[in-house]
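# Coordinates in review
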Amino acid sequence: MEKKEMQQAAEVEKKTERIWKRKHWHPILSGFLILAMAISFFFLLFRFEDLCAKAGALISILMPFIYGGVMAYMLRMPCNFFEKHLEKWLPKKLKKRAGGFAILLSLFCAGLILYLLISMVVPQLAASISSIITELPGFAERTSKWVEELLADNPVVENYLQTAMEAVNMKIEVWAQKDLLPMLMNMVGGFAGTVSTVVTFLFNICIGMVVCIYMLGSRKLFARQAKAVVYSIFKPRWAEAILSEVNYADKMFVGFFSGKILDSAIIGLICYIVSLILRFPNAMLISVIVGITNIIPYFGPWIGAVPSALLILIVDPMKCIWFLVFIIVLQQFDGNILGPRLLANSTGLSGFWVLFSITVFGGVFGFVGILVGVPVFAVIYDLLRKLVVMGLGRNHKLELLGLGENEGKRQDSLQEEQQDNQQE
């Protein structure tokens, strides 16, 4: 009896201690956390520029690892493909080295593709640029003759144009003295900085190649370690949800970029073939511009059409009109037939959200934001959609999403199971 009374007394003491902690320590701890968050917020607010500078310096230091990570992510799928088939074909003694052979084959294929592209495109680009340079004086002469013939019959317009030209010449002289000369001096002085930037970029690429090889060789180990860290921090249910979202993001990026690159390559090839058939000038240069800019969603086709049309306009204005008609037809074919088949609605975003993501991410992160803005926003959109569905299911308001009765019941049952798991 005395032991039971002592145990009961100890339990009562523990309960009173827990109650006292809840009443006294929890408010103190909450107040301390709120105060620490407020101090951190004001520190970030007043030291924002310094923090951005430190972050930029850190990113520049980690740039080789960023390049290596991007290259490893792009080569991950072909590396897995080669490793899977090499494990079947190689003898038992060499199966352990299938991963190394797969990495070598992936790097060899990537280098071969780059070499073929450069060997085919660069000579054509050089020829196109040289032809443009030779055509510019003739274009300027033809334009001046056309303007003279136009003004010969319109003396009033000629007077206005002469006055405007005099004003423009004066402004050009002032601009050349005040702005152009200092700009040229700065360019000459910044030549060493440009060379240093190029050398740094090449150095980062070389180090990035080494990092890429290491990351490809240890990709399975890194995946296991990351999974172990997630399960060690979060409960199994939340860990599975996080890993599921990471897998969704991976599928989103791979599906979007692989489909978009293939789509852009096909569009560039079609543009080159049609340009040769219709004898558009600078066919290779125009096709490269159209194909590369087509990678950019929504705005890309029109960004590539403008400089391409100007390049044709210099040589033949009539063919420029035919080129614009062809580009409109080509983009309709890409947007309505080819693109949906290759991408297969990989992002699940409407046109409004695509435009929104490109505008926001492009304004914040520049050209990189334009490229990755759509898949990143698609992942954020999917995460918010799941949170909204979870909240509506908890409040039994799934009918607001327009779901069917069976789907609503299924979501309700899932929410009840999740609540039971939380209680457990």
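Before reading on, note that the structure itself is shown above.
Let me begin by describing the structure that accompanies this report.

Formed by 14 residues in total, the largest nonpolar core has its most connected members in Val 290, Phe 323, Phe 326 and Ile 327. Looking at this core, the elements that each hand over two or more residues are helix H8 (236-278), helix H9 (283-293), helix H10 (300-315) and helix H11 (317-343). Looking at this core, the element that brings in the most residues is H11, giving 6 residues. Counting residues in hydrophobic clusters, the runner-up holds 12 residues, among them Leu 349, Val 354, Val 374 and Ala 378.

What follows deals with the packing of aromatic side chains. Under the definition given, this model contains 11 aromatic pairs. Taking 5.7 Å as the distance between ring centres and 90° as the angle between the ring planes, the aromatic pair formed by Phe 280 and Phe 323 counts as edge-to-face. Here the residue Phe 280 occupies a position in the loop between H8 and H9, and Phe 323 occupies one in helix H11, the gap between them amounting to 43 residues. By relative accessible area, which is 0% here, Phe 323 ends up buried. Linked through ring pairs, Trp 353, Phe 356, Phe 377 and Tyr 381 together constitute an aromatic cluster. Here the guanidinium or amino end of Lys 386 rests over the ring plane of Tyr 248, the centre of that ring lying 5.7 Å away.

With that settled, the discussion passes to the pattern of salt bridges. Any two side chains of opposite charge can pair, so long as their charged atoms come close to each other. Enumeration over the complete set of coordinates arrives at 6 salt bridges. Ionic pairing is found between Arg 76 and Asp 250, a salt bridge with its closest N-O pair at 2.7 Å. Remark: Asp 250 occurs in helix H8 and Arg 76 occurs in helix H3 (residues 63-89); sequence separation between them is 174 residues. In this structure, Asp 382 engages Arg 385 in a salt bridge whose closest nitrogen and oxygen atoms are separated by 2.8 Å. With Asp 382 and Arg 385 both in helix H13 (residues 367-394) and 3 residues apart, this pair spans about one turn of that helix. Classification of Asp 382 as buried rests on a relative accessible area of 4%. Residue class for Arg 385 comes out partly exposed when judged on its relative accessible area of 42%. One network of salt bridges, with partners in common, ties together Glu 245, Asp 382, Arg 385 and Lys 386.

The next point concerns a nonpolar patch on the surface. Judged by side-chain polarity, Leu 58, Ile 59, Ile 61, Leu 62, Phe 65, Ile 66, Val 70 and Met 74 come together as a nonpolar surface patch covering roughly 770 Å² of accessible area. At the level of elements, helix H2 (48-61) and H3 are the ones that each hand at least two residues to the nonpolar patch. Looking at the element boundaries, Ile 61 is found in helix H2. Accessibility expressed as a relative area gives 59% for Ile 61, which makes it exposed.

A few words now on the packing of H8 against H13. For the pair H8 and H13, interaxial distance at closest approach is 10 Å and the crossing angle is 145°. Relative to H13, H8 is oriented so that their crossing is right-handed. Contacts from Glu 245, Tyr 248, Ala 249, Met 252, Phe 253, Phe 256 and Phe 257 in H8 reach Leu 371, Val 372, Val 374, Pro 375, Val 376, Ala 378, Val 379, Asp 382, Leu 383 and Lys 386 in H13. For the contact of H8 with H13, the class distribution of residues is 14 nonpolar, no polar and 3 charged.

Further remarks concern unusual backbone geometry. At Arg 279, a position not held by glycine, the phi torsion is positive, near 60°. Checked against the element boundaries, Arg 279 lands in the loop between H8 and H9.

Here the focus is H9. Among the 11 residues that make up H9, 10 are buried, leaving the element largely enclosed by the rest of the structure. Within H9, the full set of buried residues consists of Ala 283, Met 284, Leu 285, Ile 286, Ser 287, Val 288, Ile 289, Val 290, Gly 291 and Thr 293.

Looking now at the side chain of Glu 245. Inspection of the secondary structure puts Glu 245 in helix H8. In this structure, Glu 245 is in contact with Val 379, Asp 382, Leu 383 and Lys 386, ignoring residues within four places of it in sequence.

Calculation criteria
Position labels on residues start from 1 in each chain and follow its written sequence. Residue-level local features of this predicted model are given only where pLDDT is at least 70; pairs of side-chain atoms are given and counted only at 80 or more, and the full residue set underlies all totals for whole chains, interfaces and linings. To obtain the side-chain values, all non-hydrogen atoms of the structure were included, while hydrogens and water were left out. The set of buried Ala, Val, Leu, Ile, Met, Phe, Trp, Tyr and Cys residues whose side-chain atoms join them within 4.5 Å is what this entry labels a nonpolar core. Burial classes follow relative accessibility: with a 1.4 Å probe on protein chains only, a residue under 20% of its type's maximum area counts as buried, one over 50% as exposed, and anything between as partly exposed. Numbering of helices and strands runs from the N terminus; a helix is a DSSP stretch of H or I covering at least four residues, while a strand is a stretch of E covering at least two. Here is the rule: rings of Phe, Tyr and Trp (six-membered ring for Trp) pair when centre to centre is within 6.5 Å. Planes less than 30 degrees apart are stacked, more than 60 are edge-to-face, and the remainder are tilted. Comment: the charge-over-ring label is applied if NZ (Lys) or CZ (Arg) is within 6 Å of the ring centre and within 35 degrees of the ring normal. Put simply, a salt bridge is a Lys or Arg side-chain nitrogen that is within 4 Å of an Asp or Glu carboxyl oxygen. Within the patch definition used here, like charges are joined within 9 Å and nonpolar side chains (Val, Leu, Ile, Met, Phe, Trp, Tyr) within 5 Å, considering only residues with over 30% relative accessible area and no salt bridge. Note on areas: these come from Shrake-Rupley sampling with a 1.4 Å probe, and a residue is covered only by the protein chains present in the view. Lines fitted to C-alpha atoms define the axes, with helix axes restricted to the stretch in contact, and inter-axis angles between N-to-C directions lie between 0 and 180 degrees. Helix crossings are classified by the rotation of the near helix relative to the far one: an anticlockwise turn of less than a right angle makes the crossing left-handed, while a clockwise turn makes it right-handed. Should any heavy atoms of two residues lie within 4.5 Å, those residues are considered in contact. Throughout this entry, Asp, Glu, Lys and Arg are counted as charged residues, while Ala, Val, Leu, Ile, Met, Phe, Trp, Tyr, Cys and Pro are counted as nonpolar. The remaining residues, Gly among them, count as polar.

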